[in-house]
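Summary of the model geometry
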Amino acid sequence: VNCDPAALDRLRRKPSVSFCNADRWDPLCSYDMTLLGIPSDCGMVGSSRSTAVGPSALRSASRIFPSVTDEDGSGIGWYDYSLGRAILPSRRIADAGDVQMRRYRPLDSLEEIPLHVRRLRENTKLLVLVGGDHAITYFTAQGLDEGLVLLFVDAHEDATAMAGDLPHNGNVVSFLEQRSEISAILQFGLRGLVPHQRRQPAPHRKILRTREQWCEAVRENRDRPMMLSIDIDVLDPVLFGSVASPSPGGMTPAELVNLVVDAREAGARIQALEIVEFAPVAEDGPLPAVTLAQLVLRLADACLGAT
Ligand SMILES: [Mn+2]
């Protein structure tokens, strides 16, 4: 894997449409938020859908929310009627394109992910990573700071037994549990039924069932760097069905935003917001991608907090 920054920058695919029409990422500028697409489906098991189209579907839908820039280069943000206030006001947003997935050498592409994450964090407060299947978390987390706390919001535990050298979207948490640079894994949103003999979590992995437990666990870890990994199947599939493994029940988009607001108010310093498992197919129509585009803006606002 080539570590030269300029060579790494050339490896990212430049999309024809950027997220919300934002500027292309430039190493000489600084940003509040940079979006990176990771169109991997290497870790998908048991679904005919693919997460490889996630970033491009999101970008296309986001065109109806164009970002507008002031004379000084900062964004003017968006007014959110449902919140009754501006979101992402004065925030500088960039789109860094997609990690290039090489079909014949997928492992090379996956192993480059931490390098891209480190590179983009040099001039970015909040990195927004759009997958891709949930196995990418194994690689994105390696690009963040030592002692990382992983906030893992998902309908599923993703902790089945490890098999082989690389994670898939059903066992990525088992692999993440083994990484010494991750100090805690806090899971929220689990639902549904599995066979009763599930593995016990490692001592540093906590399954949180209530908002109070969530806030308390975030508060205990507030001095550590954090990454928020959201499996979009945590939403109710009636409201958002473009996922590989829908599970009945689940959150509304507004509840998900409020969960992140709670985390920030409990002191979370979120370095990266990751959204995975978006797997649209043509018959879903355009609505899920529009829902997700709005949600990405609201979640990023919740992570960054007041200007
Ligand atoms: Mn997952």
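Predicted model only: the values in this text are computed from it and were never measured.

Okay, the nonpolar core next. If you look at soluble globular proteins, the nonpolar side chains tend to sit buried side by side. Core analysis: the largest hydrophobic core is formed by 59 residues, its most contacted members being Trp214, Leu228, Ile230, Ile232 and Leu256. The contact partners of Trp214, leaving out residues within four places of it in the chain, are Leu151, Val153, Phe188, Leu208, Leu228, Leu259, Asp262 and Ala263. Membership of the second largest hydrophobic core comes to 31 residues, among which are Leu36, Leu110, Leu127 and Ala141.

Of the voids in this model, the largest pocket is the one considered here, and its volume is about 680 Å³. Residue lining of the largest pocket: 26 residues in total, with His156, Glu157, Asp158, Ala159 and Val194 positioned closest to the centre. Of the residues belonging to the lining of the largest pocket, the class tally is 9 nonpolar, 7 polar and 10 charged. Quantified by volume, the second largest pocket comes out at close to 280 Å³. Lining the second largest pocket we find Arg13, Pro39, Ser40, Asp41, Cys42, Ala52, Val99, Gln100, Met101, Arg102, Arg103 and Pro106. In terms of residue class, the lining of the second largest pocket is built from 6 nonpolar, 2 polar and 4 charged.

All right, on to the coordination of the manganese ion then. Every protein donor of the manganese ion is listed here as His134 (ND1), Asp154 (OD), Asp158 (OD) and Asp231 (OD), and their distances to the metal cover 2.1 to 2.2 Å. Expressed as a motif, the donor residue spacing for the manganese ion is H-x19-D-x3-D-x72-D. Within this pair, whereas Asp154 is found in the loop between β7 (148-153) and α5 (172-177), its partner Asp231 is found in strand β10 (residues 226-231), the two being separated by 77 residues in sequence. Comparing Asp154 with Asp231, the two get one shared label, buried.

Definitions and cut-offs
- Per chain, residues are indexed from 1 in the order of the written sequence.
- Two thresholds apply to this predicted model, a pLDDT of at least 70 for residue-level local features and 80 or more for giving and counting side-chain atom pairs, whereas whole-chain, interface and lining totals are computed over all residues.
- Note that the side-chain values use all heavy atoms of the structure and ignore hydrogens as well as water.
- Working definition of a nonpolar core: buried Ala, Val, Leu, Ile, Met, Phe, Trp, Tyr and Cys residues. They are joined through side-chain atoms within 4.5 Å.
- Relative accessibility under 20% of the residue-type maximum defines a buried residue, over 50% an exposed one, and the middle range a partly exposed one, all with a 1.4 Å probe and only protein chains included.
- Only heavy atoms enter the contact rule, under which two residues are in contact if any of them lie within 4.5 Å.
- In this analysis a 1.4 Å probe is tested at points of a 1 Å grid over the protein atoms alone, and where it fits but cannot get out there is a cavity; an open set with protein on both sides within 12 Å along at least five of seven lines is a pocket; lining residues have an atom within 4 Å of a point.
- Grid points are joined across faces, edges and corners, and a volume is the space filled by probe spheres set on the points.
- Three residue categories are used. Nonpolar comprises Ala, Val, Leu, Ile, Met, Phe, Trp, Tyr, Cys and Pro, charged comprises Asp, Glu, Lys and Arg, and polar comprises the others, including Gly.
- For Na, K and Ca the donor cutoff is 3.2 Å, while for all other metals N, O and S atoms count as donors only within 2.8 Å; water does not appear among the atoms, so some sites may look incomplete.
- The secondary structure listing takes helices from DSSP runs of H or I that are at least 4 residues long and strands from runs of E that are at least 2 residues long, numbered from the N terminus.

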